[in-house]
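# Structural overview
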Amino acid sequence: MKTLRDAAIGTVVKVVKLHGEGALKRRIMDMGITKGVEIRVRKLAPLGDPMELTVRGYELSLRKADAAMIEIA
């Protein structure tokens with residue numbers, strides 16, 4: 001299973017499934033990350049966490065712990 005945490009800088013990936021439960025999964029979905037959406041990995045912070053992403057036309061920073069719950073293709 002490949003997750004968003006493993007995606008390389010500059011790649012565009014597609015969300016296959018969201019893992020996790022309850023409030024955490026709801027928070028990820030509220031950010032616009034849902035099944036089928038395309039995400040572009042823009043860059044990583046100097047220490048590697050968080051990741052900067054482009055989702056649905058806007059920039060988003062996401063912790064790698066949260067990115068590990070997003071399965072991609």
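As shown above, the structure is provided for reference.
Residues numbered from 1 in each chain as written. Predicted model: local features only at pLDDT ≥ 70, side-chain atom pairs only at ≥ 80, totals over all residues. Heavy atoms only, no water.

### Considering the overall build of the protein chain
Counting secondary structure elements, the protein chain contains two helices and five strands. Each helix (α) and strand (β) of the protein chain, taken in turn from the N terminus, gives the series β-α-β-β-β-α-β. Here the C-alpha atoms of the protein chain give a radius of gyration of 11 Å, agreeing with the 11 Å that 2.2 N^0.38 yields for 73 residues. Residues classed as buried in the protein chain amount to 37% of the 73 residues present. Counted over contacts in the protein chain with a minimum sequence separation of 6, partners at least 24 positions apart contribute 55%. (Helix = DSSP H or I, 4+ residues; strand = E, 2+ residues; numbered from the N terminus. Rg over C-alpha atoms; globule rule 2.2 N^0.38 Å. Buried < 20%, exposed > 50% of the residue type's maximum accessible area, 1.4 Å probe, protein only. Contact = heavy atoms within 4.5 Å.)

### Here we look at the nonpolar core
Membership of the largest hydrophobic core comes to 19 residues, with the highest contact counts inside it found for Leu4, Ile33, Ile39, Leu53, Leu62 and Ile70. Contributing elements (two or more residues each) for this core: β1 (12-18), β2 (38-44), β3 (51-55), β4 (58-62) and β5 (70-72). Apart from residues lying up to four places away in sequence, isoleucine 39 is in contact with Leu4, Thr11, Val12, Val13, Val15, Ile33, Leu53, Thr54 and Val55. (Core = buried A, V, L, I, M, F, W, Y, C linked by side-chain atoms within 4.5 Å.)

### Concerning the pairing of β3
A regular strand places its side chains so that they alternate between the two faces of the sheet. Burial runs high along β3: five of the five residues are buried. Counting the residues that bridge the hairpin from β2 to β3 gives six residues, and of these glycine 48 lies at a positive phi of roughly 95°. Bridge analysis of β3 against β4 gives five bridges, and the strand direction is antiparallel. Opposite leucine 53, over in β4, you have leucine 60 as the bridge partner. The loop that links β3 with its antiparallel partner β4 comprises two residues; one of these, arginine 56, has a positive phi angle of about 55°. (Pairing = 2+ DSSP bridges.)

### Examining unusual backbone geometry
Although it is not a glycine, arginine 56 sits at a positive phi angle of roughly 55°. With respect to the helices and strands, the residue arginine 56 is situated in the loop between β3 and β4.

### Some points on the sheet that holds β4
One open sheet holds the five strands; their spatial order is β4-β3-β2-β1-β5, and the pairing between them is antiparallel. Among the strands making up the open sheet, the edge pair consists of β4 and β5. Across the sheet, the mean angle separating the axes of adjacent strands is 45° when strand polarity is ignored. Bridge count between β1 and β5: three bridges; the pairing is antiparallel. Residue lysine 17 lies in a different strand from β5, and its bridge partner there is glutamate 71. (Axes fitted to C-alpha atoms, helices over the stretch in contact; angles between N-to-C directions.)

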